[in-house]
Amino acid sequence: MPGTLPRFPTMPAVLSSLPRGINPPSLPRGITMPSLPTLPSLPSMPRGVNMPSLPRGMSLPRPVDMSAVSQAPRRLLQDCCSVLDHQTPGGLCGCCWALRPRYKRLVDNIFPEDPEDGLVKANMEKLTFFALSAPEKLDRIAAYLSERLTRELNRHRYGYVCIAMEAMEQLLLACHCQSINLLVESFLSTLRLLLEADRPHLHILATNSFVKFANIEEDTPSYHRSYDFFVSRFSEMCHSEHQDLDVQNRIRVSGIRGLQGVVRKTVDDELQVNIWEPRHMEQIVPALLVNLQQHTHADSESPAEQTEVCFRELLGRAAYGHINNAIRPVLMHLDSHSLWEGRSFAVQCFQIIMYSIQSQHSHLVIQQLLGHLDANSRSPASVRAGIVEVLSEAAVIEATGSVGQSEKRTATTCASLPEVITRCVCAAGPTVLEVFNTLLRQLRQSVDYQLTGYYDNAGKRKTTSSEEKTLQDAVIKTIGSFANTLPIYQRSEVMLFIMGKIPVPGIYPALGSPNAGFEGSRMIQVMLLKSLFQVSERYESSNLLTALPSSFLEPLLSFTLMEDPEIRLLVLSILTSLIDRCHNAARLAAVSVMFDVSVLEVKEDRCSRQDNLFIRKHAQRLYRHVYLTCKEESSGRGHYRALITLLAVLSVELANEEVVVDLIRLVLALQELALSSQECLSVFNRCGVHAVCAAFINLLSQLGPPPPLHQHVTQVIERRQRDAPHLLPEDVFCDQPRLPEGELQIDESCLFVQSKICEALTGSSYSTHSERFNTPYTPQLTDEDRLSKRKSIGDVISLQIDMDPQYCPDAQQKPQTEQITFETLKNAIEDRGGVEEEERRKRMQLVEKFQTAPFEEIAAHCGARTSLLQTKLDQVFDLIIRPPPSPSGNSPPRSTPLYEMKFPDLCVY
């Protein structure tokens, strides 16, 4: 009847109206389904009687939507299932879908009959409009959505799970109000459920939703939100070991994107969890580094590519106080997985770090690496070499002054390493000298390990010389990398600092350990001079007085007197690099008698005032050491070439009339040295000195002297080419020099004549200094010789003889004199070689004893001689202060010596 209301169907009718294939859930044994009550039907109206009309302004309630009535059986079944799933029933209103709250009906309407149809967009728009109109209902909507998602998840109906997550995402994106925090709590709890499931696609679904949520900028703060679970779970996903490689890569990429979302969400919000705490960084950083090692794909969706993007963003957001917490897990990861030895990954990792962090924080990374290098001083040489190489690369990146912000590492202007290291003095970073002190300490330890064969004190862990040499080369390269980024004035300080660390007998203390001995000191000298050469290679200064002060030049030149040829060669290279300001050394290295000066960058202006002061102050010292270097028997082809280059650079940089005349005098003195029969020089050494003279004076004659000088030089060289090619560089300094057999005989026509040189200079500006040729050049022996190794050994021998009581005759014993006869002189001449060899052997033993003997033994030995010396001094003092005898024969009372008098405290001296 049209006037009657429809009856609610009974339970049997509902069950019979279910779609095919859907069976109702079974009830436990002993429990029956209660019958549903039926509503009484309204009586029908008699025929002809109409329904009375309502007053104006009043209307009947809106009739129930038939579509809702048609869905009543399904809603009732869902309500019954909620009872069986231990859900809280909605009471009488829960049984009647039409009487349920509106937000629940709106949420239910977004789910289609078939989950493959996806979210019902029209109904989703209604739900969104309702949420925006009534924001106070957001918490209920989110709670109900979470309830529906949990129910579908427990039933493994993953299609509806995806629909529920999509609905929550749209609500999050649409609702920017103060009540969004209520929605977020339910959203995060739902994500936890998905991440705790054992389905990879659910993990990916939850991660994508979290990333969308992380990109939302919230208007209101949250005081009680926590992301600890997400940090741990996303980090665990980054370590996924799924059997399927594609699934594994997708899980890892999702974990990386999830960590990136956590960082974005928390790094700028002070009220959120501090993501820079060590407990979080120790989870995030290793998870990223594990994926950074694996290059399984080349596309942008591979774990390695996604990791680099995330790692760069993480480091780019790090503030000053967060750098150490971010770098420390990197060092721990490289240590625990032995990744320093491969070097390539460690270098790649720190390249990302240095390009990503803010430029003003770069010195903190350098500080961390230096501290880590000290902490690994007892590690294998390969590990130490890897750390040093990373340190060198970090210094190079700092010097470029660029910061990479994208995949292409777009360069932007920032502070350079000199500014950064300078700020370290005021900040917490390392100072300049601390950096070099740490590196030099590594060199010293490496020498000790190389000599002992072990890199620990217990003598259980062996090392090899090749591994230690690799480390030493890396340290020397790093020293050069750091120094070349410093300003000029700081490079001078660094060179002085390194020079102070070089062990020189009698001047500077030995840098090596007491067990290293002479060989250890020699190795340290070589390596520190190599480090000094690395610093001086790119040193550019307009003032040689600043580049070569007396405090640096004097100890440096003293090494030209050392017996070790490698040390002398390094000193010559260092001097050449510091004096060569026009960068002509590379062209002059291959100088020959046919060399043309026009290819050089010769200074057009005269020498500056500072250059003149330098040459007047240090020229004679330089000439002297060049002369003494040519007298060394151990000098080889490299030494003579280095001498030619040094003299040529000196002429090009500091050429004036006085300097040219002095250099010509030096050449004539070297020629006389090679001709002298008093010097114990081999044929090769004599030919080498003549070749140095020929090459250098040919270059010098083209730098300004009048043409007659060059004509004389050319005539001599042409004569040598015909009759004595072994006196020219081309034949002497080759791989197989052609030397004459027997003693060297030289014709006078193959020599440079002093009289002809003076005649060639007559009438020019050089003639004012030509009178200097009348005085042959003779190097003067100075106190500087004490710095050499052989002179220091002589000092030690004389000291030893003075301290030994057997060499100290009694005061009353008369000195013994020996008669010198012809036989004595003959025996001395015949046995001179054997005696010198024996003395040399004794000197070496004595020096080694003083270097290796315990300090107590040396102190006791010296103490006995000290007491004897004090006794002799007392006797001398008594004789000096003793008064003359009295004429009366009575000696006056002895006065108190001045050195024994006790003066009052307030006495004015």
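Residues numbered from 1 in each chain as written. Predicted model: local features only at pLDDT ≥ 70, side-chain atom pairs only at ≥ 80, totals over all residues. Heavy atoms only, no water.

Q: Go over the packing of aromatic side chains with me, naming the residues and quoting the values.
A: One pass over the full model with this rule turns up 15 aromatic pairs. Each ring, one from Phe230 and one from Phe234, has its centre 6.1 Å from the other, and the planes form 35°; the classification is tilted. A residue pair is termed a helical-turn pair when its members lie 3 or 4 positions apart in one helix, as Phe230 and Phe234 do in helix α11 (residues 228-238) at four residues. Overall, Phe230 belongs to the buried group, its relative accessible area being 0%. An aromatic cluster of at least three residues, connected via ring pairs, comprises Phe187, Phe210, Phe213, Tyr227, Phe229, Phe230 and Phe234. One residue, Lys265, lies across the ring of Phe213, its end atom 4.4 Å from the ring centre. (Phe/Tyr/Trp six-rings, centres within 6.5 Å; stacked < 30°, edge-to-face > 60°. Helix = DSSP H or I, 4+ residues; strand = E, 2+ residues; numbered from the N terminus. Buried < 20%, exposed > 50% of the residue type's maximum accessible area, 1.4 Å probe, protein only. Lys NZ or Arg CZ within 6 Å of the ring centre and 35° of its normal.)

Q: So, empty space enclosed by the protein: which residues are in play, and what are the values?
A: Over the atoms, a rolling probe the size of a water molecule traces out where space has been left empty. Here the structure, examined in full by the defined rule, presents four cavities of 30 Å³ or more. Space inside the second largest cavity adds up to approximately 40 Å³. Taken together, Leu557, Thr560, Leu572, Leu575, Leu622, His625, Val626, Thr629 and Leu646 make up the full set of residues lining the second largest cavity. Listed by contribution, the elements that provide at least two residues to the lining of the second largest cavity are α26 (565-579) and α28 (609-630). Ranked by residue count, the leading element in the lining of the second largest cavity is α28, at four residues. Along the lines of polarity and charge, the residues of the lining of the second largest cavity split into six nonpolar, three polar and no charged. (1 Å grid on protein atoms, 1.4 Å probe; cavity = no way out; pocket = protein on both sides within 12 Å on 5 of 7 lines; lining within 4 Å. Points joined across faces, edges and corners; volume = space filled by probe spheres on them. Nonpolar A, V, L, I, M, F, W, Y, C, P; charged D, E, K, R; others polar.)

Q: How would you explain unusual backbone geometry if you had to name every residue and give the values?
A: Despite not being glycine, His156 shows a phi value in the positive range, around 60°. With a phi angle near 55°, Ser338 is a residue other than glycine that sits in the positive phi range. For Ser338, the location among the structural elements is in the loop between α15 (323-336) and α16 (344-356). Here Ser338 falls in the partly exposed class, since its relative accessible area comes to 47%.

Q: Please give an account of helix α10 (residues 200-214) that cites residues and values.
A: The end-to-end C-alpha distance of α10, which contains 15 residues, comes to 21 Å, matching closely the 21 Å that a straight helix rising 1.5 Å per residue would cover. Of all 15 residues making up α10, eleven are buried, and the element is well covered by its neighbours. Among the residues of α10, those classed as buried are Leu202, His203, Ile204, Leu205, Ala206, Thr207, Ser209, Phe210, Val211, Phe213 and Ala214. (Expected span 1.5 Å × (residues − 1).)

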